Structure formats: C-alpha cells, structure tokens
Amino acid sequence: MHTSEDIIEKTKQFVRSELENAEGGHDWFHIERVYNNALHMAKDENVNTFIVALGALLHDIADSKFHKGDETIGPQKAREFLFALNVDSVAIEHVVNIIENISFKGGNQDQQFKSPELDVIQDADRLDALGAIGIARTFNYGGYKNRKIFDPSIPPNLQMTKEEYEASQAPTINHFYEKLLLLKDRMNTESGKRIALKRHQFMETFLEEFYKEWDGEK
C-alpha cells in the first residue's frame, strides 16, 4: 500500500518525465510553481491537501492546446496513473474533475464541477498567468505559436466562444485583455485575490510602458 507521501513523490516523477520537452510556459517548472502556491494557499483553506497536491501536479499533464484540442487525454492519463498506484477511486474522480474544470477557456463557460480544492488549484494556476512570470509565459507561448507581438488593427475579442478562444491566432498583447487582466476578478480565495491584485497592477504598468515605447516615446 502506497502512503500519501509516496504517491505524491511518484506523481512528481511522472509529471517531470511527461513534460520533459514541454513548451516553456507549460513545463515542469510551471507545475512546480502551481503546486507550491496551491499548498501554500491551502493552509488558509478547509481543504484536503492530498487532493490539492495531486490536482496541482496533474492539472496540465496533457494540456489540450498541445494535443489538437483533445480535452480527454489529460484526465485519462491522470486516471490511469492514479489507478495504477491504487489511489482511492473517490480521490481519483475528484482529481479528474479538477483537471476537467480548471481551464479558463475564454471565460464564458460555466464550470461543471466545484470544490474547495479546485478553488485553490485554480487560483494557483491563474496566479502563474499574472505578474512578471505571466508576462514571460504569455510571450513565450506567442513565440511558440509564431504570433505577432501586437497589431493595433486587431482589437481584442472579449466575447469569444470556447472554440474561438482555443483557435485564436490574435497578437500576444490581445491575450492580456482576453484573459490575463480578467483573472483578478475571478479568483476564489482571499489569499489568491490579494496576490492577484499585486500582479495585476504590475501587468498594467507593463502595458503602459509597452504602448509608450510602441508609439516612439522619447
């Protein structure tokens, strides 16, 4: 019988291996930051920390945007891995539900599942899309997708469907308005809201400077 600590350690090893060649914004270091942040926030919440740990570690095990939009691969991988470790079936289903419901997906979709554990992991994941690291990840992904940095003739689209959001080829700056700047008001926990506000303000400052430089500020 595996202990909780043993299961978490094996999960870390599994995720590290699976994401060895992942895009820089969705690699093991992203997972590690979300994991550490989630456990830190969990101290102030009434949650099952074992579920928080597993959900955070496995939340991006097969992100659909790197698998031709297939949203079933990640949950299936997680289920099979945890089943092989004889994790309790209720815990497995909880983790799978977290993976299936954590994503932003354009922000116009209703979550089909809610739990305090999902709230914590979702906040930790969203915090990693904010601030200095959020900016770095956004431009890294934009480069990975060969997107323009900015095009003043292409305005942000705040009414995208999930499908439009996932298929978008808009310039990277648009992503700030279509997702990143919206996250501050979508945080679930008090600690998440507090950290998000600070990181949000940093991004606002960055955008102000970006436009000044774009316009040739002397």
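The structure displayed is predicted, hence computed values, not measured ones.

1. Quick word on the overall build of the chain
Secondary structure summary: the chain contains ten helices and zero strands in total. For the chain, the α and β elements follow one another from N to C terminus as α-α-α-α-α-α-α-α-α-α. Against the 2.2 N^0.38 benchmark of 17 Å for 218 residues, the chain shows a C-alpha radius of gyration of 18 Å, consistent with a compact globule. Along the first, second and third principal axes, the C-alpha set of the chain runs to 65 × 35 × 30 Å. When the 218 residues of the chain are sorted by exposure, 49% land in the buried category. Pairs at least 24 residues apart make up 66% of the contacts formed inside the chain by residues separated by at least 6 positions.

2. Brief notes about the environment of Ala42
With respect to the helices, strands and loops of the structure, Ala42 is situated in helix α2 (residues 28–42). Under the relative-accessibility criterion, Ala42 is labelled buried at 4%. The contacts of Ala42, once residues within four sequence positions are left out, are Val47, Thr49, Val52 and Val120.

3. Looking at the nonpolar core
Where a protein is soluble and globular, its nonpolar side chains tend to be buried together. Among the nonpolar cores identified, the biggest contains 55 residues, and Val15, Leu58, Leu82, Val87 and Phe176 are the most heavily contacted of them. Of all the secondary structure elements, the ones that give two or more residues to this core are α1 (4–18), α2, α3 (49–58), α4 (73–84), α5 (89–101), α6 (116–127), α9 (172–178) and α10 (190–214). What Val15 contacts, discounting residues up to four positions off in sequence, is Trp28, Ile31, Leu57, Leu58 and Ile61.

4. Notes on unusual backbone geometry
Backbone geometry places Asn86, a non-glycine residue, at a positive phi of 60°. In this fold, Asn86 is placed in the loop between α4 and α5. At Asn146, a position not held by glycine, the phi torsion is positive, near 60°. Tracing the backbone shows Asn146 in the loop between α7 (131–144) and α8 (162–167). On the basis of relative accessibility, which here comes to 70%, the residue Asn146 falls in the exposed class.

5. Describing the pattern of salt bridges
Applying the stated criterion across every chain, the model contains eight salt bridges. The partner of Asp128 in a salt bridge is Arg137, with the nearest N and O atoms 3.6 Å apart. The burial state of Asp128 is the same as that of Arg137; both residues are buried. We note a salt bridge from Lys184 to Asp185, for which the minimum N-O separation is 3.1 Å.

6. Quick notes on α5
Along an α-helix, a turn takes 3.6 residues, which lines up residues three or four apart on a common side. Between its terminal C-alpha atoms α5 stretches 18 Å, which fits the 18 Å expected from 13 residues at 1.5 Å a residue. Residues of α5 that are buried include every one of Ala91, Ile92, His94, Val95, Val96, Ile98, Ile99 and Asn101, and no others. As for α5, its buried residues are in contact with α3, α4 and α6. Capping the start of α5, Asp88 holds a side-chain oxygen 3.0 Å from the backbone nitrogen of Val90, two or three residues further along.

Conventions adopted
Residues numbered from 1 in each chain as written. Predicted model: local features only at pLDDT ≥ 70, side-chain atom pairs only at ≥ 80, totals over all residues. Heavy atoms only, no water. Helix = DSSP H or I, 4+ residues; strand = E, 2+ residues; numbered from the N terminus. Rg over C-alpha atoms; globule rule 2.2 N^0.38 Å. Buried < 20%, exposed > 50% of the residue type's maximum accessible area, 1.4 Å probe, protein only. Contact = heavy atoms within 4.5 Å. Core = buried A, V, L, I, M, F, W, Y, C linked by side-chain atoms within 4.5 Å. Salt bridge = Lys/Arg side-chain N within 4 Å of Asp/Glu carboxyl O. Expected span 1.5 Å × (residues − 1). Polar contact = N/O pair within 3.5 Å; in protein donor to acceptor, adjacent residues only side chain to side chain.

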